[in-house]
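Residue strings, one per chain:
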Amino acid sequence: MASKNNSGKLILTEYAFAQKSRDVALFYCDGTLEYLKVLPPGDNLAVGTILIGKCRHQVLNIPAAFFALNQEGTIGFLPTGDLKYTRVLNRHFQGKLSDGDEVLLQVKREPVKTKDYAVTDRIELAGRYCVAKFGSGRLFCSKNHHQSVKDVISSYFRQKGLCAADGSLIGFSGYDLILRTKAQKLVEAREMDALYRDCDDTLRALDSLVSTAAHRSCYSVLEKPAGWFEGVCGEIESCGYRIEECLTDSYRLYTEMQEKYRAGDTASAEHCDQSQNNSAVKLKKEILTDVTAEAPDGSRIRYYQDSQVPLSVLYSISSRIEEALRTKVWLKNGGYICIEQTEAMTVVDVNSGSATHGKDSEKLYFETNREAAAEILRQLRLRNITGVIVIDFINMSDKSRETEILELMKNKAAQDYRKIHIYEFTKLGLLEMIREKKGKSLRESINEEMK
């Protein structure tokens, strides 16, 4: 899917949808588009934003509450079946919400079609190797960690006074700490102190945020997720790629990035940390430092100027976006896949197409399915298709081949920046999977701009 060193170019440009212009990010590796995102307008409430909302009204038979998230009256939807993590800031909370309550909330999902923003009262902050969230004061390791790794982490954290023998956190009784899968790399490299610092810093940041919230007015924004550039870099890095150069033909984007991420500008870096008390920003700065060190001109982002060959033409941006919206996607061997997005789920059908030239049919079907498996996951990433996905691969008489396809899908899915759960083949030969719901799909983003 990517080159041996997984390096490529990040393209940032303005693209016109109908009468509206929107910033678009594209990442190319070996000439193949591996990442595509239409960036949201800067005035929206991004997923992960932590703020103080005001309860407007409740619907008890759902049960749910609707909150005003800002002065403009933007509405957020909060399920109220379990309120054990709710932090009401303007009165003593006794387990029941009332209209007018000012509550600490976090944006969980952007509005989709007729649905409002979804918010949660279980606040969380992400570190590089962990996530701290409202809870019962427990330490949790990833289910992917080996037991030996869990034992090493637990033992070290007990020595540092972060947790007790039973796994309860010391000094952070109202929070849970969940270690990410990639924390195992630090354990294997015996860099336990770096893991401890990340966990301790993240817990303290969450505790500080809660303390600050008690003294802030309604609709205050207490925490914003990493800026769009950091978010894009992080998602690309999560797929195993490395940005060797950032290129833009937008002078606005160029100056904005230069002001924020100018090489060697430590003052800017310090301001970034102070204004966005977010460990994700620190992580992205490390990524950007690596990019800067390897960029040919030593800058974080290069301004492209060529009136003869515009950037959109050089990288076929219009064609790439159109291809990512098509139902049919051709495979290199002549087969193709059809992707149909519906309200309830996404259905993908694999077809042999014209790949039938003098080959053993069973071998042909297996090769087509293998190529389709990798391409399907690439298309899901490009289109940001989430939720339930059902794939109808070409039927193979040798059922052991289904196991190979399943393992290939799982290996490729691990490179996605969204969590993917892949289940077994059904009796009808369908493969079921779920891709984490977060953000709008490419089609939804573009349809909004076309209105």
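Read on for a plain summary of the structure.

Criteria and cut-off values
Within each chain, residue numbers correspond to sequence positions counted from 1 in written order. Reporting in this predicted model follows two pLDDT cut-offs: at least 70 for local features of residues, and 80 or more for side-chain atom pairs to be given and counted; totals over whole chains, interfaces and linings ignore these cut-offs and use all residues. Hydrogens and waters are ignored; side-chain quantities use all the structure's heavy atoms. Salt bridges, as used here, are contacts in which a Lys or Arg side-chain nitrogen is within 4 Å of a carboxyl oxygen on Asp or Glu. Classification of ring pairs rests on two measures: the distance between centres of Phe, Tyr or Trp rings, Trp counted by its six-membered ring, which must be within 6.5 Å, and the angle between planes, read as stacked under 30 degrees, edge-to-face over 60 and tilted in between. Secondary structure is summarised from DSSP: a helix means a run of H or I of at least four residues, a strand means a run of E of at least two, and numbering begins at the N terminus for each. Relative accessible area decides the class of each residue, using a 1.4 Å probe on protein chains only: under 20% of the type maximum gives buried, over 50% gives exposed, and in between gives partly exposed. In this analysis the charged atom, NZ for Lys or CZ for Arg, is taken to sit over a ring once it is within 6 Å of the ring centre and within 35 degrees of the ring normal. In short, DSSP must find at least two bridges between two strands for them to pair. Angles shown run from 0 to 180 degrees and are taken between the N-to-C directions of axes, each axis being a line fitted to C-alpha atoms and, for helices, limited to the stretch in contact. Should an angle lie under 35 degrees it is considered roughly parallel, over 145 roughly antiparallel, and from 65 to 115 roughly perpendicular; all remaining angles are considered oblique. Crossing handedness: left-handed means the near helix sits turned counterclockwise from the far one by under a right angle, and right-handed means the same turn made clockwise. In what follows, a contact means two residues having at least one pair of non-hydrogen atoms within 4.5 Å. Only Asp, Glu, Lys and Arg are considered charged, only Ala, Val, Leu, Ile, Met, Phe, Trp, Tyr, Cys and Pro nonpolar, and every remaining residue, Gly among them, polar. For a helix, the expected span equals 1.5 Å multiplied by the residue count minus one. Relevant arc is that of directions from the helix axis to the C-beta atoms, nothing else.

**Here's the deal with the pattern of salt bridges**
Under the criterion given, the structure shown has 18 salt bridges. Overlapping salt bridges bring together Lys-9, Glu-245 and Arg-302 as one network.

**What to know about the packing of aromatic side chains**
The relative placement of two aromatic rings is captured by the distance of their centres and the angle of their planes. As enumerated under the stated definition, the model contains 12 aromatic pairs in all. Pairing Tyr-28 with Tyr-315 gives two aromatic rings, centres 5.2 Å apart and planes at 45°, and the pair type is tilted. A residue pair is termed long-range when its members are at least 10 positions apart, and Tyr-28 in strand S2 (residues 20-29) and Tyr-315 in the loop between helix H8 (311-314) and helix H9 (317-323) qualify at 287 residues. Judged by relative accessible area, which is 6%, Tyr-28 ranks as buried. Within the aromatic cluster, the residues linked to one another by ring pairs are Tyr-251, Tyr-254 and Tyr-303. The aromatic ring of Phe-134 is capped on one face by Arg-87, whose charged end is 4.3 Å from the ring centroid. Directly above the aromatic system of Phe-366 lies the positively charged group of Arg-401, at a separation of 4.3 Å from the ring centroid.

**Considerations on the sheet that holds strand S11 (residues 139-140)**
Strand order in the open sheet formed by 4 strands is S9-S10-S12-S11, and the pairing between neighbours is mixed. Across the chains shown, the open sheet's two edge strands, defined by having one partner strand only, are strand S9 (124-126) and S11. Bridge analysis of S9 against strand S10 (residues 130-134) gives 3 bridges, and the strand direction is antiparallel. Within the sheet, the bridge partner assigned to Glu-124 lies in S10 and is Lys-133.

**Quick notes on the packing of helix H10 (residues 361-383) against helix H11 (residues 400-413)**
Running from N to C, H10 and H11 cross one another at 20°; their axes reach a closest spacing of 9 Å. Regarding the angle of H10 to H11, the classification is roughly parallel. Pair H10 / H11 crosses with right-handed handedness. Within the contact between the two elements, H10 uses Glu-362, Phe-366, Asn-369, Arg-370, Ala-373, Ala-374 and Leu-377 and H11 uses Arg-401, Glu-404, Ile-405, Leu-408, Met-409, Lys-412 and Ala-413. Of the residues in the contact of H10 with H11, the class split is 8 nonpolar, 1 polar and 5 charged.

**Quick notes on the sheet that holds S2**
The strand order across the open sheet built from 5 strands is S3-S2-S1-S14-S15, with neighbouring strands paired in mixed fashion. For this open sheet the edge positions go to strand S3 (32-38) and strand S15 (302-303), each flanked by a neighbour on one side alone. Summarising the sheet, strand S14 (residues 242-248) and S15 pair through 2 bridges and their orientation is parallel. Bridged to Thr-248 within S15 is Tyr-303. Across the sheet, helix H4 (residues 228-238) is in contact with strand S1 (7-17), S2, S3 and S14; its angle to S1 comes to roughly 135°.

**Topic: H11**
Taking 1.5 Å of rise per residue, the 14 residues of H11 would be expected to cover 20 Å, and the 20 Å separating its terminal C-alpha atoms lies within 8% of that figure. What H11 keeps buried is the set Glu-402, Ile-405, Leu-406, Leu-408, Met-409 and Ala-413. Viewed end-on, H11 has its buried residues packed into an arc of 160°, placing them on one side of the element. Against H10, strand S19 (387-392), strand S20 (420-425) and strand S21 (430-435) lie the buried residues of H11.

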